[in-house]
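Residues per chain are reported as follows:
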Amino acid sequence: MAEIFEYSDRLNSPVEAFYCSSDGLRLPVAAHWHYFVEMLYMLEGSVTVICNGVPYKLTPGKLLLIPPQVVHSITHDNNHSFLYTCIKYSASHIRLVEGYLPNLHMLFQKLMQREVPPLLFSAEEFFYQTSDNLSTDRLSPINNTVCNLMKDIINEVDQRPYGYLTLIFSRLTALILEILRLWYNCGIPLQTELPTETDTYSIQDVAIYIDKHSSEDLKVDDLAGMCNMSYSYFAKVFHRQYGQSCKQYIEFIRLTKAENLLLFTNYDLNTIAEETGFSDSSHLIRCFRRLYHITPKQYRLQHLSDA
């Protein structure tokens, strides 16, 4: 079974920026995950982005922040045309210098533990939006709108003028800070517990291993041993990192791959169950229905009718 992890060469390509349109991108986009932050800004039409099972409808003027390690896919809302900007970058390039500001990686993980993580924003919520009361262009020389901010970043990546990365990450840092202010003003606690570097990298390695070997018989005891951790400490660190138990995460990855096979192949349920690590089709149906609230067959038929 193919992995859903999307590799990125963060050393040679620390930021990617481009347009996605109905002319060049065929929806749905299969579920996948990666270690970089992704931002989508809708220009025309609409799409629905599903992040860890939670749907977010992107309409013109909406910005969606997809944190690292979040499994996400993109589906049609209708058969109409669409156009949006996509920017991908490493959170490690965002410099929050004040000591009281949160560790972004840990904050993103904490937010994803909420029932509906606050990831969707309107352009009007940011200081980039023009207003009668704003007399100073705080982001000169670019126009102070989120739309133009995204377009300017794409232009910087395309043309790569002198100092383009410094300019891009200064813009993105300012945007992230505005998002932090929105979360703070909504009463969302931003303080995070810093993990040890060893814990973080060990758990990340396990996530990639689970993705590669999800069709096999995975035991949490064995995964804990790979990290040289006791079962109880591994369970605590894993839950802190992903907001769910390791067993739940394994099932989620298997169901995500089953969803991709339902959407992009004609495999029957027995084959899908075998490919994704479920004991049989009944086990797959039971777990799928618990997460998606419909059967795999109903899910496939529903999305075929939407295509």
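Provided above is the structure to which this section pertains.
Criteria and thresholds
- Residues numbered from 1 in each chain as written.
- Predicted model: local features only at pLDDT ≥ 70, side-chain atom pairs only at ≥ 80, totals over all residues.
- Heavy atoms only, no water.
- Pairing = 2+ DSSP bridges.
- Helix = DSSP H or I, 4+ residues; strand = E, 2+ residues; numbered from the N terminus.
- Axes fitted to C-alpha atoms, helices over the stretch in contact; angles between N-to-C directions.
- Contact = heavy atoms within 4.5 Å.
- Parallel < 35°, antiparallel > 145°, perpendicular 65-115°, else oblique.
- Left-handed = near helix turned anticlockwise from the far one by under 90°.
- Phe/Tyr/Trp six-rings, centres within 6.5 Å; stacked < 30°, edge-to-face > 60°.
- Buried < 20%, exposed > 50% of the residue type's maximum accessible area, 1.4 Å probe, protein only.

Turning to the sheet that holds strand β7 (residues 72-76), a few remarks are in order. Reading across the sheet, the 4 strands line up as β2-β7-β4-β5 and stay open at both edges, with antiparallel pairing between neighbours. The open sheet has two edge strands with one neighbour each: β2 (29-32) and β5 (54-58). The average undirected angle you get between the axes of adjacent strands in this sheet is 25°. Relative to β5, strand β4 (residues 47-51) runs antiparallel, the two being bridged by 5 bridges. Its bridge partner being in β5, V49 is matched across the sheet by Y56. Contacts between helix α7 (residues 246-264) and the sheet are confined to β2 and β7, with β2 contributing the most and set at about 170° to the helix.

This part takes up the packing of helix α1 (residues 104-111) against helix α3 (residues 164-185). Where α1 meets α3, the axes come as close as 13 Å, and the angle between the chain directions of the two elements is 45°. Comparing the axis directions of α1 and α3 gives the class oblique. Handedness of the α1/α3 crossing: left-handed. Residues L104, L107, F108 and L111 of α1 touch α3, and the partners they reach there are I176, L180 and W183.

For the rest of this paragraph, the subject is the packing of aromatic side chains. Each pair of aromatic rings is reported with the distance of its centres and the angle of its planes. Following the criterion strictly, the structure yields 13 aromatic pairs and no others. Ring centres of Y242 and Y249 lie 4.9 Å apart, and the angle between their planes is 45°; on these two criteria the pair is classed as tilted. Residues Y242 and Y249 agree in their burial class; the two are buried. Taken together, the ring pairs in this structure connect F234, F238, Y242 and Y249 into an aromatic cluster.

Treat this as a map of the structure, not an account of what it does.
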